[in-house]
Amino acid sequence: MQQFSRKSFILAIFILWLTNVCKLQNNSRQLFFSEYVNEGDQLLARYQYKEAKYKYLLALHQITSKHKEYSKLKLKIWEINHNLFIYNNDSIFFNEILNAELKTNEDIIQAYCLKAMGHLLNQEYEMAKTYLDKVDKISSKLQNSTYYLTLAKYYAYKSNMPESTKACFKALNDAVKRNDNLQISNIYSKLSRNYLHESLYDESIKYARKSIQIQKNSNLINNLGQNYEVAMYYFYLDSTMQDSVLYYAKESLNYAKLSNDLNTQIYQYLNLATLFAPINKNKALEYLNEVNNLKSEYSIPLHILSNIDLYLGVFEMENGNYEKAIEIFTNLKDRFADQSRSEEHLCFEYLSKCYLL
């Protein structure tokens, strides 16, 4: 009996020791997790996407899919991937978030929206709509701004600007209620692009300026590159304001680089190349070379590659190489016929200008 009690006592001490070791390990893991997430958030706030992603991946190693922050951390990494033009892991992220034990309705909606965005950027429009339709009811019930803004982007890709704008204002209602300045700025920026495509230039610049003001008041820069690009197009309409066009083009590129906005960087390098084409061909070629550098470093989505070709046609036109430009626009108009009516219209407009010149 005494021997049995001694063994029980030793076993109890061992279990107590093991329990304490496990507690210390869990506390240590939680400490490292919090530290890595905090470091990642700081890097993300400075738009250092690759560095932030590395810290978040380290944080993930400290937890399991049962952790309450698991799905939100996965969503952060997924968004970073999209900012870096990485879409090949979308299905993996999507399944991991849906299978996570402690996910919210907002997490689910964001996952469906990110999956839809991946399809949109690869011109798989109906597939994108399928994912958006699956969360339509729950998103409408919650008036979720992420859903409505993604829906707005879908309609914009389909060249249905009135429906896109309608979805933007639904997104705005939710963002205003939550006092989410970043999302409000995102929505204003999208509205400015929509009105630009509809040739409603005064409305376009109005919302671009609204977005710029919010960004400056909130000490943000993520949309400034896009908004200054809208301002560039606005002043481009006035032949007496070409100095302003160049100023806003350069400011747009500057902010796009500061916020690691690859999409705007590409378009501003192309805009600057076409602006310099008639006056400084070497400078124009330098900007085109920057586009080629980005193309070699990142997997550029299909719709951006098509638009790059459109800009190259404009570049050739501005250089007086009309036959080459006509060849580019002729090939592009058939491609855009299935992709984007607004870009198809531009091809015909540029073809007309080339023949006239």
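Above this text you will find the structure in question.
A quick note: this is a predicted structure, and the numbers were derived from the prediction, not measured. (Residues numbered from 1 in each chain as written. Predicted model: local features only at pLDDT ≥ 70, side-chain atom pairs only at ≥ 80, totals over all residues. Heavy atoms only, no water.)

(A) Local environment of the overall build of the protein chain. Broken down by element type, the protein chain carries 18 helices and zero strands. Overall size of the protein chain, expressed as C-alpha extent along the three principal axes, is 110 × 45 × 40 Å. The buried share of the protein chain, taken over its 357 residues, is 46%. Pairs at least 24 residues apart make up 59% of the contacts formed inside the protein chain by residues separated by at least 6 positions. (Helix = DSSP H or I, 4+ residues; strand = E, 2+ residues; numbered from the N terminus. Buried < 20%, exposed > 50% of the residue type's maximum accessible area, 1.4 Å probe, protein only. Contact = heavy atoms within 4.5 Å.)

(B) Just helix α8 (residues 145-157), in detail. Between the first and last C-alpha of α8 there are 18 Å, a value that for 13 residues agrees with the 18 Å anticipated at 1.5 Å per step. Listed in full, the buried residues belonging to α8 are Ser145, Tyr147, Tyr148, Leu149, Thr150, Leu151, Ala152, Tyr154, Tyr155, Ala156 and Tyr157. Packed against the buried residues of α8 are α5 (105-121), α6 (125-134), α7 (136-142), α9 (161-177), α10 (181-197) and α16 (302-318). Its side-chain oxygen at 3.0 Å from the backbone nitrogen of Thr146, Asn144 defines the N-terminal cap of α8. After α8 finishes, the residue Ser159 shows a positive phi value of roughly 60°. (Expected span 1.5 Å × (residues − 1). Polar contact = N/O pair within 3.5 Å; in protein donor to acceptor, adjacent residues only side chain to side chain.)

(C) Molecular detail of helix α15 (residues 281-297). Across its 17 residues, α15 extends 25 Å between first and last C-alpha, which sits within 8% of the 24 Å expected from 1.5 Å per residue. Every buried residue of α15 is listed here: Ala284, Tyr287, Leu288, Val291 and Leu294. Down the axis of α15, the buried side of the element spans an arc of 105°, and every buried residue falls inside it. Facing away from the buried surface of α15 by more than 90 degrees, the exposed residues are Asn282 and Ser296. (Arc of directions from axis to C-beta.)

(D) Local environment of the packing of aromatic side chains. Using the criterion set out here, one finds 22 aromatic pairs in the structure. With 5.0 Å between their ring centres and 80° between their planes, Tyr247 and Tyr248 make a pair best called edge-to-face. Within the aromatic cluster, the residues linked to one another by ring pairs are Tyr228, Tyr234, Phe235, Tyr247, Tyr248 and Tyr255. The ring of Tyr131 has Lys134 lying over it, and the distance from NZ or CZ to the ring centre is 5.3 Å. (Phe/Tyr/Trp six-rings, centres within 6.5 Å; stacked < 30°, edge-to-face > 60°. Lys NZ or Arg CZ within 6 Å of the ring centre and 35° of its normal.)

(E) Looking closely at the pattern of salt bridges. Tallying each qualifying case throughout the model produces 15 salt bridges. The network of salt bridges with shared partners includes Asp174, Arg178 and Asp180. (Salt bridge = Lys/Arg side-chain N within 4 Å of Asp/Glu carboxyl O.)

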